[in-house]
Amino acid sequence: MKTDQKRIMAEAAAWVDWSARSDVSTAEAAAFERWMGESEANRQAFADLAALWRSDALGEAAADVAAARFKRRGYNPPWRFVIPSTVAAAMAALAVLYVPWMDHRTLVTERAAPSDTVLADGSLVRLSGGSRLVVRQSPMGRNVTLELGEAFFDVRHDGRPFAVSAGEGRVRVMGTAFNVDRLSSGRTEVALYRGAVRVRGRSKETMDISPGERVIVDRGRLSRGAPLSASKPDWIDGWFDTQDASLAHLVEEIDRFSAKPIVVDSAVRRMRISGRFQVGEPRAVLALIETAYGVQVVEESDRIRIERR
Amino acid sequence: MAYDGDDSQATKDWSPLLNFVRRLTWRRLRRADLAEDVAQETVLRLMEYGRGGVPIDNLYGLALRIAENLVNEQFRRERRWGQVELSDTLASAEPAPDRVIEGREAVATLKEALAKMPTLRRDIIIRRRVNHQSCAAIAADLGLSVKAVEKHVTRGLLDLNQAFGENGQGRGKLN
């Protein structure tokens, strides 16, 4: 009896992991339905484990444990993070020129593959998929340029200024946590979660923001965006939460998590969207907007297209 | 359990599915009223789908998705109502409203359980749950087989569930 329950729990756990995948075959889906139809015990075990896996409590606990690990790593000798593992020649040069506060490199993420990096100064950078960040840390200052995509920064205070450039906007910070989202429309969004930052546009115009606020840099001009509704950016947990965004913006967010590029027809680009979307699961979001907003999602061999129905 | 939208099937027994969604929602929100609402609404929507003439052969899979969306809608609504406290919430680093529902204790229990796990398993759970990496991507990163990664996720989830249960957090009575 006891071993029976154990077997059911193990099977349920495997199905929960399966249900969080984006690429499921119809054969697997049918097997899942069969398994669920088998007994009340199966359904209960699955409900319990699925609720636990999807709970915000687990998301938060796991994110906290992950963040704590980064902090611990920060106390290790910084050279660990300075040496680019792939460039042998640069390693030799760095061995000579090495100073603990130098870090020169370019971080690039593939589509659908966000990644975390600890810089030489101990700051954490979390790059979303399809993003590119150029890092230049010297004894004089810490500069990074977000050339593409979106990044979350948890900056370690070390006396040197930390500046993020993105398009025509520039953010200067000390010790603080914030998110920079570079949208292809030429807009850049800066959202602050902790500390204080000053954002500068093209015309030396600046804006100071406090935690919970968002600034939008559009063609070098600054304006305030909608206030934030969480303690860290949505995309880190795989969510995009908006009360008024264009379909094009939502698609840009899910596109970074999608293996195939997603494009939006001009006829529906400006459609207004609100809701909370699990951007980490692009297919689920596409299915949702297809039903909720009456658009058509067409999958082609090399891309996914959204058009008017 | 296939449902082909035929009217005769509209009288089918929905209670296993209702029970499933009720339990799923209860476990996430710990609110009996919402669990009941979400369960009823999910079945209604499934019946509507069926009436559209499209045969539904993935009833439980669909129910899972619909219930999930309804729960998220609920969070959003509550967040909107709670708008006034929102800036205070952020300034004082208090948890967001949905986190309050889940409870601080749950987070603490799960953190403890994660800390107790073997390093590799913990790393895999974090990659899967926080970074939304696929098992295949994790396997490639860590030089493991996909099967091995899946095994770690499964075992890890069972570890977490056990810790949750021992603490009394996960044992909610259904009414």
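As shown above, the structure is provided for reference.
All values reported here derive from a predicted model rather than from experimental measurement.

Procedures and definitions
Residues numbered from 1 in each chain as written. Chains lettered and ligands numbered in written order. Predicted model: local features only at pLDDT ≥ 70, side-chain atom pairs only at ≥ 80, totals over all residues. Heavy atoms only, no water. Helix = DSSP H or I, 4+ residues; strand = E, 2+ residues; numbered from the N terminus. Buried < 20%, exposed > 50% of the residue type's maximum accessible area, 1.4 Å probe, protein only. Contact = heavy atoms within 4.5 Å. Areas by Shrake-Rupley, 256 points an atom, 1.4 Å probe, with all protein chains shown as cover. Core = buried A, V, L, I, M, F, W, Y, C linked by side-chain atoms within 4.5 Å. Pairing = 2+ DSSP bridges. Axes fitted to C-alpha atoms, helices over the stretch in contact; angles between N-to-C directions. Expected span 1.5 Å × (residues − 1). Arc of directions from axis to C-beta. Buried area = accessible area lost by both parts, 1.4 Å probe. Salt bridge = Lys/Arg side-chain N within 4 Å of Asp/Glu carboxyl O. Polar contact = N/O pair within 3.5 Å; in protein donor to acceptor, adjacent residues only side chain to side chain. Nonpolar A, V, L, I, M, F, W, Y, C, P; charged D, E, K, R; others polar.

## Focus: the overall build of chain A
Turning to step 1, where the next piece is worked out: Each helix and strand in chain A was counted, giving eight helices and 18 strands.
Turning to step 2, where the next piece is worked out: Buried residues in chain A amount to 50% of all 309 residues.
Turning to step 3, where the next piece is worked out: Summarising the internal contacts of chain A: among those between residues at least 6 apart in sequence, 47% fall at separations of at least 24.
Turning to step 4, where the next piece is worked out: Of the roughly 14,200 Å² that chain A leaves accessible, carbon and sulfur atoms contribute 53%.

## Here we look at the overall build of chain B
Turning to step 1, where the next piece is worked out: Each helix and strand counted, chain B has nine helices and zero strands in total.
Turning to step 2, where the next piece is worked out: Ordered by position from the N terminus, the helices and strands of chain B form the series α-α-α-α-α-α-α-α-α.
Turning to step 3, where the next piece is worked out: Long-range pairs, those at least 24 residues apart, make up 59% of the contacts in chain B between residues at least 6 apart in sequence.
Turning to step 4, where the next piece is worked out: Total accessible area computed for chain B in this model is approximately 8,600 Å², and 51% of it derives from carbon and sulfur atoms.

## Focus on the nonpolar core
Turning to step 1, where the next piece is worked out: In terms of nonpolar packing, the biggest core is built from 67 residues, with A:Phe46, B:Leu17, B:Phe20 and B:Leu46 touching the most fellow members.
Turning to step 2, where the next piece is worked out: The next biggest cluster of nonpolar side chains, apart from the first, holds 27 residues, and it includes A:Leu119, A:Val125, A:Phe178 and A:Leu222.

## Brief notes about the environment of A:Ala151
All names here are of chain A.
Turning to step 1, where the next piece is worked out: Inspection of the secondary structure puts Ala151 in strand β5 (residues 142-154).
Turning to step 2, where the next piece is worked out: The buried category is assigned to Ala151, whose relative accessible area is 0%.
Turning to step 3, where the next piece is worked out: Taking the C-alpha atoms as reference, Ala151 lies 9.0 Å from Arg132; in sequence the two are 19 residues apart.
Turning to step 4, where the next piece is worked out: Setting aside chain neighbours within four positions, we find Ala151 in contact with Arg126, Leu127, Leu146, Phe178, Asn179, Val180 and Trp235.

## Focus on the sheet that holds strand β17 (residues 295-299) of chain A
Residues and elements named next belong to chain A.
Turning to step 1, where the next piece is worked out: Spatially, three strands are ordered β15-β18-β17 in an open sheet, and the strand pairing comes out mixed. One side of each edge strand has no neighbouring strand; the edge strands of this open sheet are β15 (262-264) and β17. The average undirected angle you get between the axes of adjacent strands in this sheet is 25 degrees.
Turning to step 2, where the next piece is worked out: Here five bridges tie β17 to strand β18 (residues 304-308), and the two strands are oriented antiparallel to one another. Each bridged residue has a counterpart across the sheet, and for Val295 the counterpart in β18 is Arg308.
Turning to step 3, where the next piece is worked out: Each of β15, β17 and β18 touches helix α7 (residues 247-255); the most contacted strand, β15, lies at about 175 degrees to it.

## Brief notes about unusual backbone geometry
Turning to step 1, where the next piece is worked out: The backbone of B:His132 sits at a positive phi, close to 55 degrees, despite the residue not being glycine.
Turning to step 2, where the next piece is worked out: Within the secondary structure layout, B:His132 lies in the loop between α7 (119-129) and α8 (135-142).

## What to know about helix α8 (residues 282-293) of chain A
Residues and elements named next belong to chain A.
Turning to step 1, where the next piece is worked out: With twelve residues, α8 ought to run about 16 Å at 1.5 Å a step, and its terminal C-alpha atoms sit 16 Å apart, in line with that.
Turning to step 2, where the next piece is worked out: All buried positions along α8 are accounted for by Pro282, Val285, Leu286 and Ile289. The arc that holds every buried residue of α8, seen down its axis, measures 100 degrees, which confines them to one face. The outward face of α8, more than 90 degrees from its buried face, is lined by the exposed residues Thr291 and Ala292.

## A look at the interface of chain A and chain B
Turning to step 1, where the next piece is worked out: Of the residues lining the interface, 60 residues belong to chain A; the matching set on chain B comes to 53 residues.
Turning to step 2, where the next piece is worked out: Together chain A and chain B conceal approximately 5,400 Å² of surface at their shared face, both sides included; 60% is due to carbon and sulfur atoms.
Turning to step 3, where the next piece is worked out: Seen at the junction of chain A and chain B, the total is six salt bridges.
Turning to step 4, where the next piece is worked out: Counting across the interface, chain A meets chain B through twelve residue pairs in polar contact (both at pLDDT 80 or more).
Turning to step 5, where the next piece is worked out: Only α1 (2-19), α2 (26-38), α3 (40-54), α4 (56-74), β14 (240-246), β16 (272-277) and α8 of chain A provide two or more residues apiece to the side of chain A that touches chain B.
Turning to step 6, where the next piece is worked out: Looking at the side of chain A that touches chain B residue by residue, the classes come out as 29 nonpolar, 13 polar and 18 charged.

## Section: the pattern of salt bridges
Turning to step 1, where the next piece is worked out: Summed over all chains, the structure comprises 29 salt bridges over all chains.
Turning to step 2, where the next piece is worked out: Linking A:Asp48 and B:Arg23 is a salt bridge whose minimum nitrogen-to-oxygen distance equals 2.7 Å. Here A:Asp48, found in helix α3, pairs with B:Arg23, found in helix α1 (residues 15-29), and the two come from separate chains.
Turning to step 3, where the next piece is worked out: A relative accessible area of 16% places B:Arg23 in the buried class.
Turning to step 4, where the next piece is worked out: For B:Arg121, the salt bridge identified is with B:Asp159, shortest N-O distance 3.1 Å. Taken together, the positions of B:Arg121 in helix α7 and B:Asp159 in helix α9 (residues 146-166) put the pair 38 residues apart, joining distant regions of the chain.
Turning to step 5, where the next piece is worked out: Residue class for B:Arg121 comes out buried when judged on its relative accessible area of 12%.
Turning to step 6, where the next piece is worked out: Beyond isolated ion pairs, a larger network of salt bridges with shared partners links A:Asp265, A:Glu300, A:Arg303, A:Arg305 and A:Glu307.

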